[in-house]
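# Architecture at a glance
Take a look at the letters that make up each chain.
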Amino acid sequence: MIQVNMPAAFRSVFGKGASRQLRMKDKTPAVLYSGGADAVALQCDAIEMFKKLYAIHGRNAVVTLEIDGDEKPQRHVLVQEIQKNPVTDSLVHIDFLEIDLEKPAVFTVPLQYTGTPKGVDLGGELQKVATAIKLKGCPLDIPDYVEVDIKGLGRGESLTFDDIALPEKVEMLSKRAKPFVLVV
Amino acid sequence: MLSPRKVKHRKQFKGRMRGVANRGSDINFGDYALKAVECGRMSSAHIESARVAINRKIKRGGKMWIRVFPDKPITKKPAETRMGKGKGSPEYWVAVVKPGKILYELSGVPEELALEALKLAGYKLPFATKVISRNSTI
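Described in the following lines is the structure provided in the data block. (Residues numbered from 1 in each chain as written. Chains lettered and ligands numbered in written order. Predicted model: local features only at pLDDT ≥ 70, side-chain atom pairs only at ≥ 80, totals over all residues. Heavy atoms only, no water.)

### Points about the interface of chain B and chain A
What counts here: We call two residues in contact when some of their heavy atoms are within 4.5 Å. Two parts placed together each lose some accessible area under a 1.4 Å probe, and the buried area is that loss summed for both. Salt bridges are defined by distance alone: a side-chain nitrogen of Lys or Arg within 4 Å of a carboxyl oxygen of Asp or Glu.
Taken together, the contact pairs 15 residues of chain B with 10 residues of chain A. Carbon and sulfur atoms make up 57% of the surface buried where chain B meets chain A, a total of about 1,100 Å² over both sides. In this structure, the connection of chain B to chain A is made through two salt bridges. With a shortest N-O distance of 3.9 Å, lysine 35 of chain B and aspartate 89 of chain A are connected by a salt bridge.

Following this line, the structure appears as structure tokens:
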């Protein structure tokens, strides 16, 4: 899993009007929460944050938040939710979830298909039923993506989740017998 | 063309198109999509003609999703009719589209072809649209 650093600052203003004024100054309101502890209101630079979020788009990433004036030098978080303007795609609000790097958690990891199945060369049609797989493990043990070689798939053949080779210390939560790619 | 099978009320008020589409504004199924950037009414004929434009361009293969459904009846008075005598009869069906709404999604076709097909579909519609891809935004 990739790791990125993001700078942030504490936010002292709350509510709709104050948040709108923040956005006019190219700042994005954000919140950081974790199980049990109180939520922390944050603000980030909108342009820099957009670039960093774009770099990790569609991937699982552990974000290291460096908050100005925080007692902890670094906080490891996941991006839990991104609210954006539906027309302009500009950032409206970000939710961060603080995690413990030693505790296992559930992640949805994208599947990356490589090669062209031989069944497709013979006139078959490739059907990708799943684009991601559910894995459980410590955040740093979770792979960025799972590569699946589909070159050997003939017409009428399929691959199940059981056929996927996973790294150690990672557990699969998706149904093992379920076919996820087939050539018809 | 698309139309509801059964409705509770045959005629509806005109309504207003205010605000942006907070639902149905993300790519959920395909890899490429056509997004409205203005509000407007998309009739079942518009939906069909844009669908045909996409299918003619991509020829075969790929999968398309239509994310709008015309569920609003539009009434019209017959030609050369004096005013009054009640509301006209339902003439056609429209989908009310707000800025940000995803209209069509495509997958399983090369990027260049998908973008070109969606651009052609956008020309068929009565409001401004833009073509987006899953990788083009956060």
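### Observations regarding the sheet that holds strand 10 (residues 146-149) of chain A
Residue and element names in this part refer to chain A. Counted only if it meets this: Should DSSP find at least two bridges between two strands, the strands are regarded as paired. Each helix is a run of H or I in the DSSP string that is no shorter than four residues. Each strand is a run of E no shorter than two, and both are numbered from the N terminus.
The mixed open sheet is built from four strands, whose spatial order is 10-7-9-12. Looking at which strands have only one partner, the edges of the open sheet turn out to be strand 10 and strand 12 (171-172). Sheet topology note: the strand 9 (residues 132-137)/strand 12 ladder contains two bridges and is antiparallel. Bridging across to strand 12, lysine 136 finds its partner in glutamate 171.

### Description of the sheet that holds strand 11 (residues 158-160) of chain A
All names here are of chain A. Here is the rule: The angle between two axes is taken between their N-to-C directions and runs from 0 to 180 degrees, where each axis is a line fitted to C-alpha atoms and a helix contributes only its stretch in contact.
Here we have three strands laid out as an open sheet, ordered 8-13-11, and antiparallel in their pairing. Because the sheet does not close on itself, it has two edges, and the strands there are strand 8 (126-128) and strand 11. Each adjacent strand pair in this sheet contributes to an overall mean axis angle of 10 degrees, direction not counted. Pairing of strand 8 with strand 13 (residues 179-183) involves three bridges; the strand directions are antiparallel. Note on strand 13: the bridge partner recorded for lysine 128 is valine 181.

### Structural notes on the side chain of serine 107 of chain B
All names here are of chain B. Worth spelling out the cut-off: Relative accessibility under 20% of the residue-type maximum defines a buried residue, over 50% an exposed one, and the middle range a partly exposed one, all with a 1.4 Å probe and only protein chains included.
Along the polypeptide, serine 107 turns up in strand 6 (residues 102-107). According to the relative accessible area criterion, serine 107 is buried, its value standing at 14%. Look past the residues within four positions of serine 107 in its chain and what remains in contact with it is Gly30, Asp31, Gly62, Lys63 and Trp65.

### Overview of the packing of aromatic side chains
To keep things clear, this is the line we draw: Here is the rule: rings of Phe, Tyr and Trp (six-membered ring for Trp) pair when centre to centre is within 6.5 Å. Planes less than 30 degrees apart are stacked, more than 60 are edge-to-face, and the remainder are tilted.
One pass over the structure, following the stated rule, counts three aromatic pairs over all chains. For the ring pair phenylalanine 161 of chain A and phenylalanine 180 of chain A, a centre distance of 4.9 Å and an interplane angle of 15 degrees mean the geometry is stacked. A residue pair is termed long-range when its members are at least 10 positions apart, and phenylalanine 161 of chain A in the loop between strand 11 and strand 12 and phenylalanine 180 of chain A in strand 13 qualify at 19 residues. Accessibility expressed as a relative area gives 3% for phenylalanine 161 of chain A, which makes it buried. Overall, the relative accessible area of 1% leaves phenylalanine 180 of chain A in the buried class. With centroids separated by 5.8 Å and ring planes inclined at 15 degrees, the aromatic side chains of phenylalanine 29 of chain B and tryptophan 65 of chain B adopt a geometry described as stacked. With phenylalanine 29 of chain B in the segment before strand 1 (32-36) and tryptophan 65 of chain B in strand 3 (residues 63-66), the pair connects residues that are 36 residues apart, well separated along the chain. Every member of this aromatic cluster is reached through a ring pair, and the members are Tyr113, Phe161 and Phe180 of chain A.

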